[in-house]
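Below, each chain spelled out in residue letters.
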Amino acid sequence: LLVYGGAAWALFDATKLACKPGQAGDACLTAPQIGFVNVMYGPFKDENGVERGPRPTPGIRLTRRAPPTGVDAFGRAVHQNPNWTRADLVISKDVEALNRILPEMTPDDPDLTRFVQSGGKAILYHGWRDSTDMATYTTQNYDRWATHPTNGGLKKLQDSVRLFIADTTGHCFG
């Protein structure tokens, strides 16, 4: 278990694994392979190229399909359509629709003043290996809280909110 203390790891740079002139094989990556890695581990973008979320944690096996429960819940909650499928997803429109109906689930306001002044305390945890709900969303929000001017910085934030990262934990189980 790691106590998260801010942006502790640098962004993964696939170009550092590039093959040198005359080098080939499993010890390095070709230019097309680097391009693929950059897409897979780049920021989440919509169909228009607009960044909608953070990059996944390097080394984590990405899920190839959305969980059926998530697809069903999204279709029913956002579109009131039990027959909605992932093929119907239009990220640029659907993320905004989700934010409209569930504003409390968006990290739009990083000011924790009211929470702290009311004596609030929170313990957050996330698993690095969670490929369903990426830990980078959680750490990105924690970093936003730590750097927001009214929250007083990381040390002050940790008086009220702590984030623990379980380095070998996936989604809902170890």
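This text follows the structure it describes.
**Q** It is not clear to me how the overall build of the protein chain should be interpreted in this structure. Could you clarify?
**A** Looking only at helices and strands, the protein chain has 6 helices and 5 strands in total. Overall, the protein chain shows an N-to-C arrangement of helices and strands of β-α-β-β-α-α-α-β-α-α-β. Of all 174 residues assigned to the protein chain, the portion counted as buried reaches 29%. Within the protein chain, residue pairs in contact and separated by at least 24 positions form 60% of the contacts whose partners lie at least 6 positions apart.

**Q** Is there a simple way to explain the environment of F36 in this structure?
**A** Along the chain, F36 turns up in helix α1 (residues 31–40). For the pair F36 and A14, spaced 22 residues apart in the sequence, the C-alpha separation amounts to 9.6 Å.

**Q** I keep staring at the nonpolar core and nothing clicks. Help me out?
**A** It is characteristic of soluble globular proteins that their nonpolar side chains tend to be buried jointly. Judged by nonpolar contacts, L112, W128, A135, Y142, A146, L157, V161, L163 and I165 together constitute the single largest core of 9 residues. Secondary-structure elements contributing two or more residues to this core are α5 (135–147) and β5 (161–166). If we ignore the near neighbours within four places in the chain, the residues touching A146 are G153, L154 and L157.

**Q** I would appreciate a short explanation of the side chain of D46 in the present structure.
**A** Along the chain, D46 falls in the loop between β2 (44–45) and β3 (51–53). Apart from residues no more than four positions distant in its own chain, D46 is found in contact with R52, I91 and S92.

**Q** Is there a simple way to explain the packing of aromatic side chains in this structure?
**A** Aromatic rings in a pair are described by how distant their centres are and how their planes are angled relative to each other. In total, this model carries 1 aromatic pair according to the counting rule given. When the centroid spacing of 6.1 Å and the interplanar angle of 65° are considered together, the rings of Y142 and W145 count as edge-to-face. With Y142 and W145 both in helix α5 and 3 residues apart, this pair spans about one turn of that helix. Since its relative accessible area comes to 0%, Y142 is described here as buried. Exposure remark for W145: the relative accessible area of 21% places this residue in the partly exposed category.

Analysis parameters
- Residues numbered from 1 in each chain as written.
- Predicted model: local features only at pLDDT ≥ 70, side-chain atom pairs only at ≥ 80, totals over all residues.
- Heavy atoms only, no water.
- Helix = DSSP H or I, 4+ residues; strand = E, 2+ residues; numbered from the N terminus.
- Buried < 20%, exposed > 50% of the residue type's maximum accessible area, 1.4 Å probe, protein only.
- Contact = heavy atoms within 4.5 Å.
- Core = buried A, V, L, I, M, F, W, Y, C linked by side-chain atoms within 4.5 Å.
- Phe/Tyr/Trp six-rings, centres within 6.5 Å; stacked < 30°, edge-to-face > 60°.

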